[in-house]
Amino acid sequence: MFCLRHRYGSRLGNANKFALLSASAYVCTMKKQILRASYVSTAGNGILAAAKIITGFVSGSVAVLGDGIDSASDVAISIVMIATAKIMGKKPNKKYVYGYAKAESIATKILSMVIFFAGAEMLVSGIRQLFSDSQREMPGMIAIYVTAASILCKFLLSLYQTRVGKKTGSSMLIANGINMRNDMIISLSVLIGLFFSFILEMPVLDSVTALIVSCFIIWSAIKIFMDSNVELMDGVKDTSVYQKIVDATGKVDGVSHPHRIRSRSIGGKYMITLDVEADGNLTLSQAHSLATQVEHNIRENIPEVYDIVVHVEPYGTHPEDVFGVS
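Because the structure is a prediction, the values reported are computed rather than measured.

Student: Help me understand unusual backbone geometry in this model?
Tutor: Where the residue is not glycine, phi is negative for most of them; where a peptide bond is considered, it is trans in most cases. Its identity is not glycine, yet H257 carries a phi of approximately 45°, on the positive side. If you trace the backbone, H257 turns up in strand β1 (residues 256–266). Of note, R260 is a non-glycine position whose phi angle comes to about 50°, a positive value. Tracing the backbone shows R260 in strand β1. Residue R260 is classed as partly exposed on the basis of its relative accessible area of 21%.

If you want it as structure tokens, here you go:
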């Protein structure tokens, strides 16, 4: 458990103290759930990778072998996730005053590169196999059984990773859930390719299936890579959050014209900063009370909040809105 330094220093109100405890508890809980999901993913994918790679060599199916390589890359992904979850739990310090929650975005970027490499490797192997002069043999029936079992396992892993990812707001787990879903589609494609290879007695279809699957893997990697840019660029995926902030601020009497509203994502939660206008004759305590009400309303309207900074200024004195939303 770690403690965040708040902008009001030692003079924290009960609401702000509760917010700090909530943020600390959130990160700790998130870390535990990500670790648990990562261990499950590592064990499941390790067993599947070994089974499919061995089966690919024994049966002579390049598609099954490629699917096994993809599952092996998932093991590497799970190891990265475990390391990331431990980094995210480190205490904030002078160098990283907002903590280490953004390590998740960096890990997601790494995951996309691992997935891309697996897809590219599979694409090259498929092309070599397709244009090889060596005589192709029909894959063994064991390839079908192992692939069918893989589809079921990948489906269950995908459901679990996605459910925990949405529960914790973890983009890394959600990305891995998507990856598991892609793996299920890949295994299904391999199964269809094997089926037609046996029915039509055309082993070349196994190589064609491997090429199609590899292109799908590469496209998924590019999509995950681009999606992870949003948090690293201090953006938000759901821009409707700004209207929610404006609506929440409008419910506070004595406050008007919310502007320079800025929001960015930290570990799946929003870091929000905004300026509001109020009567310039208010006392410091009264202005602080209004800012606290604004913060409370925003937290009520947007549960996924990491922290909020509210700046109160006199009517009509706001500077030019260079950054943020008005």
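Student: Would you take a moment to explain the UniProt feature "transmembrane region" (unreviewed entry) in the protein chain for this structure?
Tutor: Per the UniProt record, "transmembrane region" (unreviewed entry) is found at residues 39–65, 71–89, 110–130, 142–162, 183–202 and 208–226. Between the end C-alpha atoms of residues 142–162 the distance is 30 Å, and the span holds 100% helix and 0% strand.

Student: Where do I start with the pattern of salt bridges in this structure?
Tutor: Pairing between side chains of opposite charge can happen when the charged atoms of each approach one another. What the rule picks out here adds up to six salt bridges. Put simply, D234 and K102 hold a salt bridge, and the shortest N to O gap is 2.5 Å. In this pair, D234 is assigned in the loop between α7 (229–232) and α8 (241–250) and K102 in the loop between α2 (62–88) and α3 (103–130), connecting sequence segments 132 residues apart. When its relative accessible area of 22% is taken as the criterion, K102 is described as partly exposed. As a salt-bridge pair, D227 and K237 come within 3.1 Å of each other at their nearest N and O atoms. Note that D227 is positioned in helix α6 (residues 204–227) and K237 in the loop between α7 and α8, a separation of 10 residues in sequence. You can call D227 partly exposed: its relative accessible area is 40%. Note on K237: relative accessible area 54%, which makes it exposed. In this structure, a network of salt bridges that share partners links the residues K102, D234 and R264.

Student: I would appreciate a short explanation of the side chain of T249 in the present structure.
Tutor: In this fold, T249 is placed in helix α8. Discounting chain neighbours no more than four positions away, the residues touching T249 are V255, P258, L274, V276, V294 and I298.

Student: Would you explain the confidence of the model for the protein chain in this entry?
Tutor: In regions of low pLDDT, the predicted coordinates are not meant to be interpreted in detail. On average, residues of the protein chain score 78 in pLDDT, and 83% of them are at 70 or above. The spread of mean pLDDT over the elements of the protein chain runs between helix α1 (residues 14–59), the lowest at 71, and helix α9 (residues 284–301), the highest at 93. A low-confidence stretch, residues 1–21 stays under pLDDT 50, and its non-local contacts, those more than four residues away or across chains, total 30 contacts.

Student: Honestly, the pairing of strand β3 (residues 305–314) in this entry has me stumped. Any pointers?
Tutor: Within a regular strand, side chains alternate between the sheet's two faces. The sheet contact formed by strand β2 (residues 269–278) and β3 spans nine bridges and is parallel. Its bridge partner lying in β3, I272 is registered against I308. Of the crossover connections in this fold, the one passing from β2 over α9 to the parallel β3 is right-handed.

Student: Looking at this structure, I do not really get the layout of surface pockets. What am I missing?
Tutor: Empty space among the atoms becomes apparent when a probe as large as a water molecule is rolled across them. Each pocket or cavity is described by its volume, and for the largest pocket that value is around 750 Å³. Every residue lining the largest pocket is counted, 34 residues in all, and those nearest its centre are G169, S171, I174, D227 and K237. Looking at the lining of the largest pocket, the elements that each hand over two or more residues are α3, α5 (171–200), α6, α7, α8 and β2. Residue composition of the lining of the largest pocket, by class: 12 nonpolar, 12 polar and 10 charged.

Student: Any chance you could explain the sheet that holds β2 here in plain terms?
Tutor: Sheet strands pair by backbone hydrogen bonding; their relative direction is either parallel or antiparallel. A sheet is described by the order of its strands in space; here three strands give the open sequence β1-β2-β3, paired in mixed fashion. Two strands bound the open sheet, and with one partner strand each, they are β1 and β3. Here the strands of the sheet are splayed against their neighbours by 15° on average, with no regard to which way each runs. Where β1 meets β2, seven bridges bridge the pair, whose relative direction is antiparallel. Counted as the bridge partner of R262 is T273 from β2. Sitting on the sheet, α8 is in contact with β1 and β2, with an inclination near 135° to β1. Together, β2 and β3 form the strand contacts of α9, whose direction differs from that of β3 by roughly 145°.

The rules behind each value
- Residue indices begin from 1 for each chain and proceed along its sequence in written order.
- For this predicted model, a pLDDT threshold of at least 70 governs which residues receive local features, and a threshold of 80 or more governs which side-chain atom pairs are given and counted, while totals over whole chains, interfaces and linings are taken from all residues.
- Side-chain metrics in this entry use all non-hydrogen atoms of the structure; hydrogen atoms and water are not considered.
- Elements are defined by DSSP. Helices are runs of H or I of four residues or more, strands are runs of E of two residues or more, and each kind is numbered from the N terminus.
- Partly exposed describes any residue whose relative accessible area lies between the buried limit of under 20% and the exposed limit of over 50%, with all areas from a 1.4 Å probe on protein chains only and scaled to the type maximum.
- UniProt positions are given in the numbering used here, feature names are shortened, and annotations may be inferred rather than shown by experiment.
- Note on definitions: salt bridges are taken to be side-chain nitrogens of Lys or Arg within 4 Å of carboxyl oxygens of Asp or Glu.
- Any two residues whose heavy atoms approach within 4.5 Å at even a single point are treated as in contact.
- A residue's pLDDT is the predictor's confidence in that residue, given on a scale from 0 to 100.
- Strands are labelled as partners when DSSP assigns at least two bridges between them.
- Handedness rule for crossovers: strands pointing away from the viewer, path from the first strand over the helix to the second running clockwise, crossover right-handed.
- Any residue with an atom within 4 Å of a point lines the site, the site being either a cavity, points on a 1 Å grid over the protein atoms alone where a 1.4 Å probe fits but cannot get out, or a pocket, an open set with protein on both sides within 12 Å along at least 5 of 7 lines.
- Grid points are joined across faces, edges and corners, and a volume is the space filled by probe spheres set on the points.
- Under the scheme applied here, ten amino acids are nonpolar (Ala, Val, Leu, Ile, Met, Phe, Trp, Tyr, Cys and Pro), four are charged (Asp, Glu, Lys and Arg), and all others, including Gly, are polar.
- Axes, fitted as lines to C-alpha atoms, cover a helix only where it is in contact. Angles between the N-to-C directions of the axes lie from 0 to 180 degrees.

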